[in-house]
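Here is how the chains run, residue by residue.
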Amino acid sequence: MTMPNSSFCPECGTPLAPRRIAGEIRRHGYCERCRQSHHDHPTIVATTFIAHEDRLLWVRRAIQPKQGLWAIPGGYVEQGEPLRVGAARELREEAGLVIEPDALHFYMLGTLTFINQIYVGFRGRVTDPGCDPGPESLEARFFDRRECPWGDVAYPEVNEAVLQAYEDLERDSFEQWHVEMTADSYQRTVISSGPLEG
Ligand SMILES: [Zn+2]
């Protein structure tokens, strides 16, 4: 049972208690004093697999967490922001790469239970690999699978998903994937395959 990260009521500071509804313990904390539940729902991250020829775009993080390490561009979707718009924004902020949200194609939907995250991966292609990273990144570069700094990646937990992207890129055939990752398992299934645009 995973309890919420914040184990105190954000309103009054009372320790949160596990809540029992109809005899079942729920996955959220309850403040007895405010009589209110405090949920810790998964956060939603939009990631972008951007290809130039057989290379994928990576950014080297200038900020914590994981400062100095490489990651596929992506970040939290903001309130009121459609997914692809958020993905394009992250790309602009982290890599200085401008791509229209419409040029991003749905690629992966994943659950990362161990960090309480849902990610939605998009893919796109550029003909010009020029990047102009902003203050969030030290560098933005395209790597093929062999050049990739595998020893210095920020999130090795998602390497399998990145390898999938390289595989699809090398075959030049993209399926859409559903991925479930827990602390000790990795599972992926094809949502759809066949000729896709882009
Ligand atoms: Zn309270």
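Quick look at the structure, then. None of the values given here were measured: they were computed from a predicted structure.

### So, the sheet that holds strand S3 (residues 36-38)
With respect to topology, three strands assemble into an open sheet ordered S1-S2-S3, the strand pairing being antiparallel. The outermost strands of the open sheet, each flanked by one partner alone, are strand S1 (17-21) and S3. For this sheet the average axis-to-axis angle between neighbouring strands, irrespective of direction, equals 60 degrees. In the sheet, strand S2 (residues 24-31) pairs with S3 via three bridges, with the strands oriented antiparallel. The partner of Gly-29 across the bridge, within S3, is His-38.

### A few points about the environment of Glu-100
Mapped onto the elements, Glu-100 comes out in the loop between helix H1 (83-95) and strand S8 (105-112). For Glu-100 and Asn-159, which are 59 residues apart along the polypeptide, the C-alpha to C-alpha distance reads 26 Å.

### Regarding unusual backbone geometry
Cis geometry marks the peptide bond from Gln-64 to Pro-65; its omega dihedral reads -5 degrees. At Asn-116, a position not held by glycine, the phi torsion is positive, near 55 degrees. Positionally, Asn-116 belongs in the loop between S8 and strand S9 (117-125).

Reading guide: rules and limits
Residues numbered from 1 in each chain as written. Predicted model: local features only at pLDDT ≥ 70, side-chain atom pairs only at ≥ 80, totals over all residues. Pairing = 2+ DSSP bridges. Helix = DSSP H or I, 4+ residues; strand = E, 2+ residues; numbered from the N terminus. Axes fitted to C-alpha atoms, helices over the stretch in contact; angles between N-to-C directions.

Function cannot be inferred from these measures alone, as they are strictly geometric.
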